[in-house]
Amino acid sequence: MVDAHDFEQVLKTTSLARSLHFSIHHIAAAHVAPAPVRRKLSTGHQLQAEVPVHDVAVAALRLGLVVPKRHARRSVTRTLLKRQIRAALQRQPVLNAGLWLVRLRSPFDRQAFPSAASKALAHAARQELDGLLLRAAGCMENKPRAALRD
């Protein structure tokens, strides 16, 4: 699960790869900063000892999605795009562990895709995301680790 601190941290980095509609940001698992400690004000007793998420080593790929309403006005379209992003990441097994953020940067043309959740829109998003993830994986192989944190 990616929380607000993770979103802020990943969005401060430059994008790893961009396409016409999407951009990808990444922070390697070794470079993820811990979240600031938040104290709870509670008078009740805690039934379980809570371990903050950021105290556990980040060993897996964690994904954040940003599909803003200004670029996809209809909720059906936003849901379709989020599903396409998740499916594209499952089809791309070579991505490194860490925090990944996929962001919709610009809207799809409503004249070309008048339906909110058409097969044509799903296909166009799938094609673009697959190409973008392949470029991101190529960037991960070609760039040194220090360059990814900029």
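See above for the structure.
Cut-offs and rules
- Residues numbered from 1 in each chain as written.
- Predicted model: local features only at pLDDT ≥ 70, side-chain atom pairs only at ≥ 80, totals over all residues.
- Heavy atoms only, no water.
- Phe/Tyr/Trp six-rings, centres within 6.5 Å; stacked < 30°, edge-to-face > 60°.
- Buried < 20%, exposed > 50% of the residue type's maximum accessible area, 1.4 Å probe, protein only.
- Core = buried A, V, L, I, M, F, W, Y, C linked by side-chain atoms within 4.5 Å.
- Helix = DSSP H or I, 4+ residues; strand = E, 2+ residues; numbered from the N terminus.
- Pairing = 2+ DSSP bridges.
- Salt bridge = Lys/Arg side-chain N within 4 Å of Asp/Glu carboxyl O.
- Contact = heavy atoms within 4.5 Å.
- Axes fitted to C-alpha atoms, helices over the stretch in contact; angles between N-to-C directions.
- Arc of directions from axis to C-beta.

Caption draft 1: Layout of the packing of aromatic side chains. A complete count under the given rule lists 2 aromatic pairs for this structure. Look at F108 and F113: their rings are 6.0 Å apart centre to centre, the planes differ by 80 degrees, and that puts the pair in the edge-to-face class. Like F108, the residue F113 is buried in the burial classification. Three or more aromatic residues joined by ring pairs make a cluster, and in this case those are F22, F108 and F113.

Caption draft 2: Highlighting the nonpolar core. Ranked by internal contacts, the top residues of the largest apolar core, which has 26 residues, are F22, I24, L81, I85, V102, L104 and F108. Looking at this core, the elements that each hand over two or more residues are β2 (22-28), α2 (75-91), β4 (98-104) and α3 (119-142). It is α3 that contributes the most residues to this core, 8 residues altogether.

Caption draft 3: Region of interest: the pairing of β4. With 6 of its 7 residues buried, β4 lies for the most part within the structure. In this sheet, β4 lies alongside β2 in antiparallel orientation, the contact comprising 7 bridges. For I27, the partnering residue across the bridge sits in β4 and is L99. Here strand β3 (residues 61-66) pairs with β4 via 6 bridges, running parallel. The residue bridging L61 from the neighbouring strand is G98, located in β4.

Caption draft 4: Highlighting the pattern of salt bridges. Tallied over the full model, the rule gives 1 salt bridge. With its nearest N and O atoms 2.9 Å apart, the salt bridge here joins D130 to R91. Taken together, the residues span a long stretch of sequence, with D130 in helix α3 and R91 in helix α2 at a distance of 39 residues. Taking the relative accessible area as the measure of exposure, R91 reaches 38% and is therefore partly exposed.

Caption draft 5: Representation of the sheet that holds strand β1 (residues 17-18). The strand order across the open sheet formed by 4 strands is β1-β2-β4-β3, and the pairing between neighbours is mixed. Sheet topology places β1 and β3 at the edges, where each strand pairs with a single neighbour. Across 2 bridges, the pairing between β1 and β2 is antiparallel. What sits directly across from R18, in β2, is S23. Taken strand by strand, helix α1 (residues 4-11) contacts β2, β3 and β4, and its axis lies near 75 degrees from that of β4. Along the sheet, α2 contacts β2, β3 and β4; its crossing angle with β3, the most-contacted strand, is approximately 155 degrees.

Caption draft 6: Looking closely at α1. The set of residues buried in α1 consists of H5, D6, Q9 and V10. Within α1, the buried residues cover an arc of 125 degrees as seen down the axis, which keeps them to one side. Buried positions along α1 lie against β2, β3 and β4.

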